[in-house]
Amino acid sequence: MIYAIASGKGGTGKTTVTASLASIWETPLTAVDLDVEEPNLHLFLKPEEMITGKAHIEVPDADEDKCTGCRACSELCQFKAITVMGDTLLTFPEMCHGCGGCIAICPEKALTPGKRELGEIVTGKSHGNEFIMGRLRIGEAMSPPLMKQILNDLPINSQGDVLIDAPPGVSCPAITAVMRADCIVLVTEPTPFGLHDFRLAWEAFSPIGKPMGAVINRAGVGNNDVYDFCREKDIPIWAEIPFDRSVAEAYSNGYVPVKAIPTLKPTFESLKNSMQKAVNEVSHA
Amino acid sequence: MHEVVIISGKGGAGKTSITGAFANLADNAILCDLDVDAPDLHLLLSPEHKRIEEFYSGNEAIINQEQCTKCGLCEAMCRFSAITQTDEGFAVDPMRCEGCNVCVSFCPPQAISFPSKHCGTWYESETRFGTMVHAQLFPGEENSGRLVTLLKQHARKRAEEEGHELVLSDGAPGIGCPVISSLAGTNLAVVVTEPTLSGLHDLKRVAKLCTGFKTKVAVLINKHDLNLAQAKAIEEYCQEKGYPVICRFPHDNAVTEAMVQGKAINETGDSTASQLLEAAWSNMLNLLHDSK
Ligand code: SF4
Ligand code: SF4
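A. Spotlight on the overall build of chain B. A count of helical and extended segments in chain B gives ten helices and 13 strands. Along the longest, intermediate and shortest principal axes, the C-alpha atoms of chain B span 70 × 40 × 40 Å. Expressed as a percentage of the 292 residues in chain B, the buried residues total 58%. Excluding contacts between residues fewer than 6 apart, the proportion of contacts in chain B whose partners are at least 24 apart in sequence is 77%. Total accessible area on chain B stands at roughly 11,700 Å², and carbon and sulfur atoms take up 48% of it.

Here is the structure:
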């Protein structure tokens, strides 16, 4: 099963929740950091035997000698990644989404598949579990293609469960990450910012129709509006992690909270059980 | 005119609370929330909408079942796996469609229409701290970079028309498309960071991006006293790179309390916090004027 740990916004504790769950989950498990813009999970899980590979996207390579300037390619391209200026064919690989349309449409075969680097895919081992993370190249604007490559290569079925540390927000990267999950855990905080972002996430992810539950982090700060919202929308609260300076300090040092603070263990055990139960209820329904 | 954007690499570092406090201190600025995916600044500034505009960007493929001959070419050619065969025929999954136009161009009977896509809403509003430009992208939409660019252009235009010296923006999180758009043409980025392992990691990545855009970097360490060793590591890194640290802000529950009240941190009368923020603000203004 694939479990995605998501949040409407960064900084709610998504990564520490993922790291804590990974620390108590049955092996084999694959922990995946899909927050490719700012991957942090490795700082907590401290994977070893890391192997780094480069990820690419297909972009057109142009052979100007063959081009007749017919503009079929530039008329097709929606991303202004290819254009004909006067007699010169120009490509802007950074803008290209890799749809392949220009290559397919060119009557002169002047365009061939080339590549642009998206970033890195790093794999490793962490306490007997598999660890995978993506790291977007600095200056690369598009994260979903890198995320999709990681998702496509996941060892689903054979290697036990997968825990995904999803990117924050509710735009296309976040949707890309949760779309393949069997269950979504939404991490939030009981503050006005927390509620606002949580509500957006709930609106974005509900249509996907996967079981979803909330983890309320830093419980005790702020107000009760997040609880009211969960009640109103029937969102189960699977865990509450109390606000505690020692949790924040453990985090700041890169310690996994459930390991640094043993009293949190029952909270995460019960979170894990709720997640597994929610998925089983769906698959047996 | 100057443009300052408050960013953090990562959400949750306190970027919006800091922007709110700066907005309170700025008396000649246009305010702008560039976090169009998860905007929060309006929760502090309670804007009153003066202008509401729909944001259209890109297109979305829709298959007309009457004209479709079920040849399957669109499914085969779509690189985004957005087209699948359902009981009702071939259909486009709007969540996956990137609007690339390939299926539209290649469909033999031209059965695919390609209307432009309504992706969100943007606003120009009045707040107690001045004019604010902001937006909300619909969930799951891409092209947030384009919306960010549109907001910035509008904020600049307003600033010029009204004779404001500064566009002060709450930036987008991350290092991808929306942040790249928010840095374009910006004079100074204030990076809000926290003394954590990930804080330093994120700071390095986002600062590198700023350097690539020739945007000057200033650093504000939030929750400075949470972990003094990590705070020191951040300071050392900043010194080495020549990034001025304009503020060391303590961990303070007043920040959350102000948020709950819908106020800026320096509106609630906590004098130490207010003083620190005032000093940060004047440090920042000095940096801006030095860079001229
Ligand atoms: S592959 Fe698609 S996005 Fe890239 S240049 Fe060609 S048409 Fe444009
Ligand atoms: S479609 Fe081929 S021949 Fe026509 S302008 Fe593009 S590259 Fe040149």
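B. Here's a closer look at the side chain of S182 of chain B. Residues and elements named next belong to chain B. Checked against the element boundaries, S182 lands in helix 6 (residues 177–183). Its relative accessible area of 1% is what places S182 among the buried residues. Ignoring sequence-local partners within four residues, the contact set of S182 consists of V5, L34, V148, K152 and A172.

C. Fine view of helix 8 (residues 225–233) of chain A. Residue and element names in this part refer to chain A. Within the span of helix 8, buried status applies to V226, Y227, F229 and C230. When helix 8 is viewed along its axis, its buried side chains cluster within an angular range of 160° and face the same direction. Exposed residues pointing more than 90 degrees away from the buried face of helix 8 are listed as R231 and E232. Downstream of helix 8 by a residue or two, D234 has a phi angle that is positive, lying close to 60°.

D. Looking closely at the packing of helix 1 (residues 15–25) of chain B against helix 10 (residues 271–290) of chain B. Residue and element names in this part refer to chain B. Where helix 1 contacts helix 10, the two axes come as close as 10 Å, and the packing angle between them is 75°. Classified by the angle between their axes, helix 1 and helix 10 sit roughly perpendicular to one another. The segment helix 1 lies against helix 10, with I18, A21, F22 and L25 engaging L277, E278, A280, W281 and M284. Split into classes, the residues belonging to the contact of helix 1 with helix 10 amount to eight nonpolar, no polar and one charged.

E. The sheet that holds strand 9 (residues 130–137) of chain B, seen in detail. Residue and element names in this part refer to chain B. Read across the sheet, nine strands follow the order 3-8-9-2-10-1-11-12-13 without closing on themselves; strand pairing throughout is mixed. Taken across any chain shown, the strands that pair with only one partner, and hence form the sheet edges, are strand 3 (48–59) and strand 13 (245–248). On average, each strand axis in the sheet is tilted by 20° relative to the strand beside it, whichever way the strands run. As paired elements, strand 12 (residues 216–221) and strand 13 share three bridges and run parallel to each other. Bridge assignment links I221 to a residue of strand 13, and that residue is R248. Across the sheet, helix 7 (residues 197–212) touches strand 1 (2–7), strand 11 (188–193) and strand 12, and the angle it forms with strand 11 is around 170°. Each of strand 1, strand 10 (166–170), strand 11, strand 12 and strand 13 is contacted by helix 10, which is oriented at about 175° to strand 13, the strand it contacts most.

F. Local environment of the pattern of salt bridges. All names here are of chain A. Counting across every chain of the model gives 31 salt bridges over all chains. Ionic pairing is found between E120 and K54, a salt bridge with its closest N-O pair at 3.4 Å. Of the two residues, E120 is situated in strand 6 (residues 111–126) and K54 in strand 3 (residues 48–62); the sequence distance between them amounts to 66 residues. Put simply, R137 and E140 hold a salt bridge, and the shortest N to O gap is 3.1 Å. E140 gets classed as buried once you look at its relative accessible area, which sits at 0%. Through salt bridges with shared partners, a single network forms among K54, E117, E120 and R135.

G. Expanded view of the site of ligand 1. Neighbouring ligand 1 are P60, L76, C77, F79, A81, C96, H97, G98, C99, G100 and C102 of chain A. Among the residues forming the shell around ligand 1, the class breakdown is eight nonpolar, three polar and no charged.

H. The arrangement of the confidence of the model for chain B in detail. Residues and elements named next belong to chain B. In the predicted model, chain B carries a mean pLDDT of 91, and 99% of its residues have values of at least 70. The element-level mean pLDDT for chain B is lowest in helix 6, coming to 85, with helix 4 (residues 102–106) highest at 97. Scored by ipTM, the complex comes to 0.83, with pTM at 0.85.

I. Structural detail: the site of ligand 2. Surveying the vicinity of ligand 2 reveals 14 residues, the closest of which are C67, C70, R71, C73 and C106 of chain A. Across the shell around ligand 2, the residue classes break down as ten nonpolar, two polar and two charged.

J. Quick peek at the packing of aromatic side chains. Under the definition given, this model contains six aromatic pairs over all chains. Here the aromatic rings of W202 of chain A and F229 of chain A are separated by 5.9 Å at their centres, their planes lie at 90°, and the arrangement is edge-to-face. Taken together, the residues W202 of chain A in helix 7 (residues 192–205) and F229 of chain A in helix 8 connect sequence positions 27 residues apart. Grouping aromatic residues by their ring pairs yields a cluster made of F198, W202 and F229 of chain A. Across the ring face of F129 of chain B, the terminal group of R128 of chain B is positioned such that the distance to the ring centre comes to 4.8 Å.

Rules of the game
- Residues numbered from 1 in each chain as written.
- Chains lettered and ligands numbered in written order.
- Predicted model: local features only at pLDDT ≥ 70, side-chain atom pairs only at ≥ 80, totals over all residues.
- Heavy atoms only, no water.
- Helix = DSSP H or I, 4+ residues; strand = E, 2+ residues; numbered from the N terminus.
- Buried < 20%, exposed > 50% of the residue type's maximum accessible area, 1.4 Å probe, protein only.
- Contact = heavy atoms within 4.5 Å.
- Areas by Shrake-Rupley, 256 points an atom, 1.4 Å probe, with all protein chains shown as cover.
- Arc of directions from axis to C-beta.
- Axes fitted to C-alpha atoms, helices over the stretch in contact; angles between N-to-C directions.
- Parallel < 35°, antiparallel > 145°, perpendicular 65-115°, else oblique.
- Nonpolar A, V, L, I, M, F, W, Y, C, P; charged D, E, K, R; others polar.
- Pairing = 2+ DSSP bridges.
- Salt bridge = Lys/Arg side-chain N within 4 Å of Asp/Glu carboxyl O.
- Near = heavy atom within 4 Å.
- pLDDT = per-residue confidence, 0-100.
- Phe/Tyr/Trp six-rings, centres within 6.5 Å; stacked < 30°, edge-to-face > 60°.
- Lys NZ or Arg CZ within 6 Å of the ring centre and 35° of its normal.

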